[in-house]
Amino acid sequence: MSCVNVNNSLTEWFYTLNGCRQGDVTSPTAFSIVINDLIKELKYTGIGVDVDNAIVCALAYADDIALIADSPENLQKLLTVTYNWCNKWRFMINPSKSNVVHYRNPPKVQTNFIFTLGAGGPQIQITDSYKYLGVFLDQYLTFQKTTDVLSNAAGRALGGMINKYKSMGEMGYRTYSKLFDSLVCPVMDYGSSIWGGKSYDSLNSVFNRAQRFFTGVHRLCPIDGFTGDMAWPSNRIRWKLEALRLLNRLVKTDKDRLVYKIFRWDMTCHENSNKSNFAARVKQILCETNLKPLYKNVNVVNIDHVKECLIDTWESEWKTAVTNKSKLKLYKSIKHKFEVEKYLLLNIDKYEKSLLSQLRYGILPLRTETGRYVNERPEERICTLCNTNNIENAEHFLFDCPMYDNYRLEFMHKAQNCINDWEKLSQSECLEQLFEVMPRALGKYVKEIYLYHRSQIYK
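What this report covers is the structure whose coordinates are included nearby. Note that the structure is predicted; figures quoted are calculated from it, not measured.

### Digging into the overall build of the chain
Part 1 of the argument: When its secondary structure is counted, the chain shows 20 helices and 11 strands.
Part 2 of the argument: Over its C-alpha atoms the chain spans a radius of gyration of 31 Å, topping by over 25% the 23 Å that the globule rule assigns to 459 residues.
Part 3 of the argument: Projected onto the principal axes, the alpha-carbon positions of the chain cover approximately 95 × 65 × 40 Å.
Part 4 of the argument: When the 459 residues of the chain are sorted by exposure, 42% land in the buried category.

### Observations regarding helix H8 (residues 235-251)
Part 1 of the argument: Taking 1.5 Å per residue as the helical rise, H8 with its 17 residues ought to reach 24 Å, and the 25 Å between its terminal C-alpha atoms agrees with that figure.
Part 2 of the argument: Among the 17 residues in H8, 13 count as buried, and that is most of the element.

### A short note on the pairing of strand E10 (residues 129-132)
Note on strand geometry: in a regular strand, side chains alternate between the two faces of the sheet.
Part 1 of the argument: Two elements, E10 and strand E11 (residues 135-138), share 4 bridges in a ladder whose sense is antiparallel. Bridge pairing in E11 places Lys131 opposite Phe136.
Part 2 of the argument: Linking two consecutive strands that pair antiparallel, namely E10 and E11, is a turn of 2 residues; a positive phi of about 55° is found at Leu133 within it.

### Observations regarding the sheet that holds strand E9 (residues 123-127)
Part 1 of the argument: Strand order in this open sheet of 3 strands is E7-E9-E8, and the pairing throughout is mixed. Two strands in the sheet have a free side with no partner beyond their single neighbour: strand E7 (99-101) and strand E8 (115-116).
Part 2 of the argument: With 2 bridges joining them, E8 and E9 adopt antiparallel strand pairing. Each bridged residue has a counterpart across the sheet, and for Thr116 the counterpart in E9 is Gln123.

### Things to note about the nonpolar core
The nonpolar side chains of a soluble globular protein tend to be buried, and buried together.
Part 1 of the argument: Ranked by size, the top nonpolar core spans 72 residues in total, and within it Tyr176 and Phe180 carry the most contacts.
Part 2 of the argument: Phe180 has contacts with Leu158, Met161, Cys185, Met188, Phe207, Ala210 and Trp232, leaving out every residue within four places of it along the chain.
Part 3 of the argument: Ile237, Val282, Leu286 and Tyr295 belong to the second-largest nonpolar core, a separate cluster that totals 23 residues.

### Thoughts on the packing of aromatic side chains
Part 1 of the argument: Summed over the entire model, instances satisfying the criterion amount to 26 aromatic pairs.
Part 2 of the argument: Residues Tyr165 and Phe213 carry aromatic rings whose centres are separated by 5.1 Å and whose planes lie at 80° to one another, so their mutual orientation is edge-to-face. On the criterion of sequence distance, the pair formed by Tyr165 in helix H3 (residues 144-168) and Phe213 in helix H6 (residues 201-215) is long-range, its members being 48 residues apart. Taken individually, Tyr165 and Phe213 each receive the classification buried, so the pair is uniform in this respect.
Part 3 of the argument: Look at Phe207 and Trp232: their rings are 5.9 Å apart centre to centre, the planes differ by 50°, and that puts the pair in the tilted class. Of this pair, Phe207 sits in helix H6 while Trp232 sits in the loop between helix H7 (223-230) and H8; the two residues are 25 residues apart in sequence, bridging distant segments of the chain.
Part 4 of the argument: Judged by its relative accessible area of 6%, Phe207 falls in the buried class.
Part 5 of the argument: In textbook terms, an aromatic cluster arises when at least three aromatic residues are bridged by ring pairs, as seen for Tyr165, Tyr173, Tyr176, Phe180, Phe207, Phe213, Phe214 and Trp232.
Part 6 of the argument: Across the ring face of Tyr260, the terminal group of Lys255 is positioned such that the distance to the ring centre comes to 5.1 Å.
Part 7 of the argument: The residue whose ring lies beneath Lys350 is Phe213, and the NZ or CZ to ring-centre distance is 4.8 Å.

### Observations concerning the packing of H8 against helix H12 (residues 303-323)
Two numbers describe a pair of packed helices, the interaxial angle and the distance between the axes.
Part 1 of the argument: Packing of H8 against H12 brings their axes to within 10 Å, and their N-to-C directions diverge by 155°. Accordingly, the angle class assigned to the pair H8 and H12 is roughly antiparallel. The two elements H8 and H12 meet at a crossing, and its hand is right-handed. When H8 is examined against H12, the residues Ile237, Lys240, Leu241, Leu244, Arg245 and Asn248 are found in contact with a partner set consisting of Ile303, Val306, Lys307, Leu310, Ile311 and Trp314.
Part 2 of the argument: Class assignment of the residues belonging to the contact of H8 with H12 gives a composition of 8 nonpolar, 1 polar and 3 charged.

### Examining the side chain of Asp229
Part 1 of the argument: Assignment of secondary structure puts Asp229 in helix H7.
Part 2 of the argument: Overall, Asp229 belongs to the buried group, its relative accessible area being 0%.
Part 3 of the argument: Polar contacts involving the side chain of Asp229 include one to the side chain of Tyr343, which spans 3.3 Å.
Part 4 of the argument: Here Asp229 is in contact with Tyr331, Lys335, Glu339, Val340, Glu341, Tyr343, Leu344, Arg360 and Tyr361, once residues within four sequence places are set aside.

### A word on the pairing of strand E5 (residues 58-61)
Part 1 of the argument: Bridge analysis of E5 against strand E6 (residues 64-67) gives 4 bridges, and the strand direction is antiparallel. Note on E6: the bridge partner recorded for Ala58 is Leu67.
Part 2 of the argument: Turn length for the E5-E6 hairpin, with the two strands adjacent in sequence and antiparallel, is 2 residues, and the turn residue Ala62 shows positive phi of about 55°.

Quick notes on the rules
- Residues numbered from 1 in each chain as written.
- Predicted model: local features only at pLDDT ≥ 70, side-chain atom pairs only at ≥ 80, totals over all residues.
- Heavy atoms only, no water.
- Helix = DSSP H or I, 4+ residues; strand = E, 2+ residues; numbered from the N terminus.
- Rg over C-alpha atoms; globule rule 2.2 N^0.38 Å.
- Buried < 20%, exposed > 50% of the residue type's maximum accessible area, 1.4 Å probe, protein only.
- Expected span 1.5 Å × (residues − 1).
- Pairing = 2+ DSSP bridges.
- Core = buried A, V, L, I, M, F, W, Y, C linked by side-chain atoms within 4.5 Å.
- Contact = heavy atoms within 4.5 Å.
- Phe/Tyr/Trp six-rings, centres within 6.5 Å; stacked < 30°, edge-to-face > 60°.
- Lys NZ or Arg CZ within 6 Å of the ring centre and 35° of its normal.
- Axes fitted to C-alpha atoms, helices over the stretch in contact; angles between N-to-C directions.
- Parallel < 35°, antiparallel > 145°, perpendicular 65-115°, else oblique.
- Left-handed = near helix turned anticlockwise from the far one by under 90°.
- Nonpolar A, V, L, I, M, F, W, Y, C, P; charged D, E, K, R; others polar.
- Polar contact = N/O pair within 3.5 Å; in protein donor to acceptor, adjacent residues only side chain to side chain.

Set out below in structure tokens:
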């Protein structure tokens, strides 16, 4: 029995002799049973793509159906079968939401075949991409449009997260990282098991923006600096792990299912013609982690073990990159491990945290940094606030410049009491110990002398 609710008033009850009510739990099952007849008719045509001796002509998910053919003429036949079946059972097809995509290699020209729904029916337009289950499949399968859309969505998610950070005033490293993993990563990583075979600048920019905001540095900051201090696994690591999780699901799948046959067919295509496909990606990941036999034997992969291997490789690449960056001269003398820095774990003042980060990454507005903007040679970037004729770098700023002696005396006395063998350490070793043992006091000291530095420069 059913009735209709109109302005909070119910009509008389009546019998429902066919169909089901909106939102009824039996609706998806009933639709699947009905639409299965269409899939059978499409299979009877014998048209489709041969996958390991199985003809694949359609992919159906809920009310979304994708027809697959190896030629324009065969695709038109499938469209005609679909149109006739829908007319027979009084289903409506929306031509404006139906498109044709010609998947091909870049040199090949797009087909000029005219596709219609049935004989003399409405024309279906050819487009360069199609959105299927949230993933844009473009005509060359580059997934560039997918990553652009995801980066925009992830950017909005990150913007909402940053607004929450600002409304709270402060937020710890662990809370910030957890929010990023929960709110932004799921958006960035959607479908990455399929498209994440390479690095995408649009998504990397969102990832870097989140780290720059927390460390309080500008967009010209060397990426390897805040990457090492935040110690977040890179996008590529997450995407590789997603690909391996998909591999594990495929390996555990029933061997008679179509998805498993497509997987084995994909492996065969790579082995026979060295195609760059999902199987090639998985093989490359397992080779990087010395697990190639798992690929050959089609075995389940230990995700935790692979993650450790990938992070070790990432750390090695990071160390090499830091070594080759001239701007990170100070940074590489005080940073030796790929781990979260202690000053980021503490809830210190945001401005102090920003100054400490800029100091570490060589972008604090001292003469060594600002001199490059006016094309000064490194040896010409002399401190203008004192008469020592020394280059104004981080070491001179913190330990030597007499302009800050009033602030330095108390701080250095405190450092000598907290750090063993202080007098025997070099300046870079002293700075390393300051970041490790007394980051709060260091942040306050840097803030005091930098504000005084600004007042003298701009007065």
